[in-house]
Amino acid sequence: MAHVRVRCSVICIMAKVSKKKGSKKIKKVVMSVEEQPPVNEEEEEEAGMAGAEGDIGSSGEDEGEDERKRQKLLQAISALGGKRKKALGERSEAAVDMSEFSVNPEDGPGKVQLSDLMGTLEKTPAVPAKTRKLLENLQRNKKTVDSPLSKQETERIQRGMAFQKAATEVSRWDSVITQNQRAEQLLFPLNQEPAGPRPIERLVAGWKAQTPLEQEVFALLSANKQPFTDPILTPAEEASVKAMSLEEAKIRRAELQKARALQSYYEAKARREKKIKSKKYHKVQNKVKRKGLLKHIEQMIKTDPAAAMQELNKMELARMQERMSLKHQNSSKWAKSKAIMAKYDEEARKAMQQQLEMNRELTQKLVTPLNEEEEEEEEGAAGEADVLPDFVNDAVDGPPNPWMKGKLTEEPTKEQVNDAAPEAASVSAAAAEEEEEEWAADKTEEEALLREFDCRRKRHQAQESDTAGSIFQEEMTEAAAEDSGASDCDEEARSEFRSISRGGEEGFKATEAVNCADRTDESAQLEERLIRIRTVEDLERLPHEPSAEPRDPPTTKAQPSEEKRVGKSKKKKGIELKEVLTKNTNIIKVPLAPTGTDSEDPEAKVDQKGLIKEAFAGDDVISDFLKDKRRQEDEGKPKVIDLTLPGWGEWGGLGLKPPKRKRRKVRSAPPPPRKDQRLPTVIITEKKNASISLHQVHSLPFPFENHAQFESCFRSPLGRTWNTERTVKKVTKPRVVTQMGAIIDPMAEEELLRNKDAVARETSSVNSKKSR
Amino acid sequence: MKVKVLSRNPDDYVRETKYDIQRVPRNYDPSLHPFELSREYTRALNATKLERVFAKPFLSSLDGHRDGVNCLAKHTRSLSTLLSGSCDGVVKVWNLTKRECVRTLQAHEGFVRGMVVRYCGSSFFTIGDDKTIKQWNMEAPGYGEEEEPLNTILGKTVFTGLDHHQKKGVFATCGQQVDIWDEQRSTPIRSFSWGVDSFSSVRFNPVETELLGSCASDRSIVLYDMRESTPLKKVIMTMRTNTLCWNPMEAYFFTCANEDYNLYTYDMRYLEKPCKVHMDHVSAVLDVDYSPTGLEFVSASFDKTVRIFPKDAGHSREVYHTKRMQHVICIKWSADNKYILSGSDEMNIRLWKANAAEKLGVLAPREREAVNYSQKLKEKFQHYPQIKRIARHRHLPKNIYHQRNELRVMKEARRRKETNVRKHSKPGSVPVVSEKEKHVVSVVD
């Protein structure tokens, strides 16, 4: 500890001295100091200091001379040793031996160890613990430092690092690239401004208030937090728009769902009831309904005369319907049979009378106090549908026909809402009453609920159409979309088929490198020939490729025997041609009276058939078919080949017959039985048609993995003959769309950000769906 | 008493304005429109035939150079401007809509080796055999003024390739080494060399704008990062690469044109083997350029043809040639994805359509729909032999045709020999080497 300090002080002195004197002397001073043995801590320090100062002057020169003498002596000794070697002149630099920072390393015992220095560390609090630790570690480590790498090696490492960096940087684009490869449609240039007129606020954005008046106005507006750009909503309004909270929306959605479910239950029930074939049941039902209705109307007249009037109108309509149809006149099949039986059967007579009475009742002209015109006006848009008989208004499904009402649809929504609200109220009131009534037994509470929902919905619409209408509408459309999901289904399927080819490629991509998908495979390379094409005729003259030649399908020998077996088994049932096909079909009863042209008539369909029959009355299609079939069968039979050559080695002339030995005929083996042997109405040709096979695909093309996948591409047509306009547009969307005269710039960094945003949005939406 | 009459809602058939199209009610009942497959097949066949008949890709040739056209440059901001440099040091500026030369300047002595337009389109750079880099104003000098370069940098060696950074005032040249220059300085801010003493071309990556690729005479392709002090990596191939071009939409893909008649598309992260080998040329490929959509590229070859390849197909979809066109030295795909420009030995620049059968000009909506429909039909039925036969037929000049056949025979013979050797040697001793692996000698870190 002590001598370390001494040395430090010596070094300090040395530094001072070196400025004044030559280097030699200083060296000696240092040596002299180090040679002193350590005695006492403080004394020595002082002594050292004193000694150092003292020695500089006195003993410096003597010792230098000693040294020289010693050198000479050594030289003399070495010269004695036989060979006379001329010592090489050595040049030594003073700086190596000594500098202001290091002491002479030649002195073994005086070498400074790290441990020597470390001692003071613990005593000085100023040294941080970190350095202390570092130094300790250094002390423990006895390894030598590795020699520096060669230049090549370092460069290689640097290159490797740089490449890694560049590769990771470039890999950021992975998602963008795969997304573009999978995209149905690519639009170029990438950062397109949306076409069409731009919203006014964007145009106005750059504009500033300039005149004092404008500035004043703006200041006022901004002070009151009034908006001056579109959409013109104050913050409060915006907040209220946003206030259509998720919970509320959910509740509405649930309501709608429930209503829909109830409706479907109700419909199912009605269908079930309609299906019941028992006439008696229906008769009873109808009677109950009618009675109930009468009672109901009586009550209604007292409580709600308007509704009662409507009911009466309904009855009037039913009467009209009855008058127009001949339902209860004695013209039906049932009535005719009853008329025959009426002579003998009491029951039948009664039934007939009953029917006639009903007819009279229904066709009787009622004396209604209402004016016809009033009635027409009161017929609401919504009421019309269920009041009018179905066959009148079948065609009108969508919006009410304004031309029928004699009014133009000027403000259809408002009117509807206004109409709907009172009606709904009346309906709900009626529903409340119904429950008390007996006759309403068949009307379940489901129905009541249904109506309630309906009216509530309408009220909602009326109230919030101006504020939060959009959200509600969205829900409605959503619901509608769900309903019409089935109809969309086939379209989706079609798009799926379209994407199958692409999908196949994607699979391929996944297996190989991402980019290495083959849109066109190896086989799709160009067929380069020396022929030029100038006209369509040239195209026809192109040689057919050899691969187009049909390959023979594998023929199985087991087939005929199998067929035989089938034939035997079928023999029992053996269809006789005469039984199946008779010419009776040609005899057609021509209806006496021309059929009505009313398309709504259910009998029209039958008539249509009759019409066709009539039109083709003369054609004997069946016999033609049979002839055709026989001809084909004959063609298929083996021909007998006559190989006789008359006149060779014989007498020639007319009427001579070749001798028996020469009458050789070749007869080939009979062919297997025809497949259509037992099928009178079918011709099965087993010959291959070469002209067709020229147009057929003979091997599975590259991106497809199996036949089903390939065939699915052709399942749906693309043209507008078979598809709606919208579907055609969707299906024939080109993959790459470029803008005319626009420069397509390379992809920029912004694209990456945009893609990130899109991905984030997608993931968040997926997550929200999951959480739901 | 109500009388019921047939009534329709006029909303269903009356147009709101007379400019609306007439509503045509259609019945889509499939039973009314039978044989959809065969009918569409016929339509597809007809569409294919018409496509071949209307395939007339050649638009015009721009003549005026007195020597072979050695380099082309697209204007970055104007579609109608094209620059071309010839082997006698003349640079011409063309107006493509008028198809005429608007400006001629003697830029260098000897070849104009490279030319590039600055990203803003205000000026362009040329390099030549006279060891100079010159910057020129895009505006022609006024009447009576002389053509003077804005800047001239005298280099120590000949420059062979030039490219400009996508967004900064930085450009790169190559010659004995690859240099990165700042526009404001007369010395390169960085130069890369890696044991090679001659490079043929250098290209900036248009997406990752700090990356570069260059082709060297020792058959290698070297990648650089402008920000690093050392090159990144190099791959050595069996034959020399003439040029390379980065995909403008996919940051890590580039395609290089090789002396061995093929083009190779590489993923820069995996240089061990190319992603795709594109073959069809019958002579060295001299230049390649990507379409701005990044889906296809066009290549120019010594065999006097221009070919268009889909980026991930092994064979070309189109071959362009004319009787008078000689070795095609440089090629460019126009920035609107519609045209292809080729400069060839016999002093002409040719303008081609990128889609041979495409109708130029504005299409009426119905016309466009019809085109889209027929395009989809062609795609749908592309595997049918009759359609394939017609769609893939191309006319080739006799010598190229025979050369191609010869190459096929050679390739087949080589393949047969290899299989024979494999058959008669110890199993596993002659491994199967895929076409992709065949052409890469080594990758040097």
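Residues numbered from 1 in each chain as written. Chains lettered and ligands numbered in written order. Predicted model: local features only at pLDDT ≥ 70, side-chain atom pairs only at ≥ 80, totals over all residues. Heavy atoms only, no water.

Asks: How do you make sense of the overall build of chain A when you look at a structure like this?
Replies: For chain A, the count of helices and strands is 33 helices and 5 strands. By residue count, 19% of the 772 residues in chain A fall in the buried class. Intrachain contacts of chain A at a sequence separation of at least 6 include 63% that bridge at least 24 residues. For chain A, the accessible area works out to roughly 59,000 Å², and carbon and sulfur atoms hold 55% of it. (Helix = DSSP H or I, 4+ residues; strand = E, 2+ residues; numbered from the N terminus. Buried < 20%, exposed > 50% of the residue type's maximum accessible area, 1.4 Å probe, protein only. Contact = heavy atoms within 4.5 Å. Areas by Shrake-Rupley, 256 points an atom, 1.4 Å probe, with all protein chains shown as cover.)

Asks: Can you help me understand the interface of chain B and chain A in this one?
Replies: A common measure of how large an interface is: the accessible area buried when the components associate. Between chain B and chain A, the contact holds 95 residues from the first and 99 residues from the second. The contact between chain B and chain A buries some 9,000 Å² in all, and 58% of this surface belongs to carbon and sulfur atoms. Counting the surface chain B buries against chain A, the share from its top three residues, Met-249, Arg-389 and Arg-392 of chain B, is 9%. Counting across the interface, chain B meets chain A through 10 salt bridges. Its salt-bridge partner being Asp-174 of chain A, residue Arg-269 of chain B comes within 3.4 Å of it at the nearest N-O pair. Ranked by residue count, the leading element in the side of chain B that touches chain A is helix α1 (residues 36-54) of chain B, at 9 residues. Its residues placed into classes, the side of chain B that touches chain A shows 36 nonpolar, 19 polar and 40 charged. In this structure, strand β2 (residues 527-529) of chain A lies alongside strand β29 (residues 393-395) of chain B, joined through 3 bridges in parallel fashion. Bridging across to β29 of chain B, Glu-527 of chain A finds its partner in His-393 of chain B. (Buried area = accessible area lost by both parts, 1.4 Å probe. Salt bridge = Lys/Arg side-chain N within 4 Å of Asp/Glu carboxyl O. Nonpolar A, V, L, I, M, F, W, Y, C, P; charged D, E, K, R; others polar. Pairing = 2+ DSSP bridges.)

Asks: What exactly am I supposed to notice about the pairing of strand β8 (residues 132-137) of chain B here?
Replies: The side chains of a regular strand alternate between both faces of the sheet. Residue and element names in this part refer to chain B. Counting buried positions along β8 yields 5 of 6 residues, so the element is predominantly enclosed. Hairpin connection, strand β7 (residues 123-128) to β8: the antiparallel pair is bridged by 3 residues, and Lys-131 has positive phi, about 60°. Examined bridge by bridge, β8 and strand β9 (residues 151-154) share 4 bridges and lie antiparallel to one another. Looking at the pairing, Ile-133 lines up with Ile-153 of β9.

Asks: Explain the nonpolar core to me, please; I cannot follow it from the model alone.
Replies: Nonpolar side chains in soluble globular proteins tend to end up buried together. Judged by nonpolar contacts, the single largest core of 39 residues is most densely connected at Trp-173 of chain A together with Ile-221, Phe-254, Tyr-266 and Met-268 of chain B. In this structure Tyr-266 of chain B touches Ile-221, Val-235, Met-237, Tyr-252, Phe-253, Phe-254, Cys-256, Leu-271, Lys-273, Pro-274, Cys-275 and Val-440 of chain B, once residues within four positions along its chain are discounted. Core analysis: the second largest hydrophobic core is formed by 20 residues, Phe-710 and Cys-713 of chain A together with Ala-44 and Val-53 of chain B among them. (Core = buried A, V, L, I, M, F, W, Y, C linked by side-chain atoms within 4.5 Å.)

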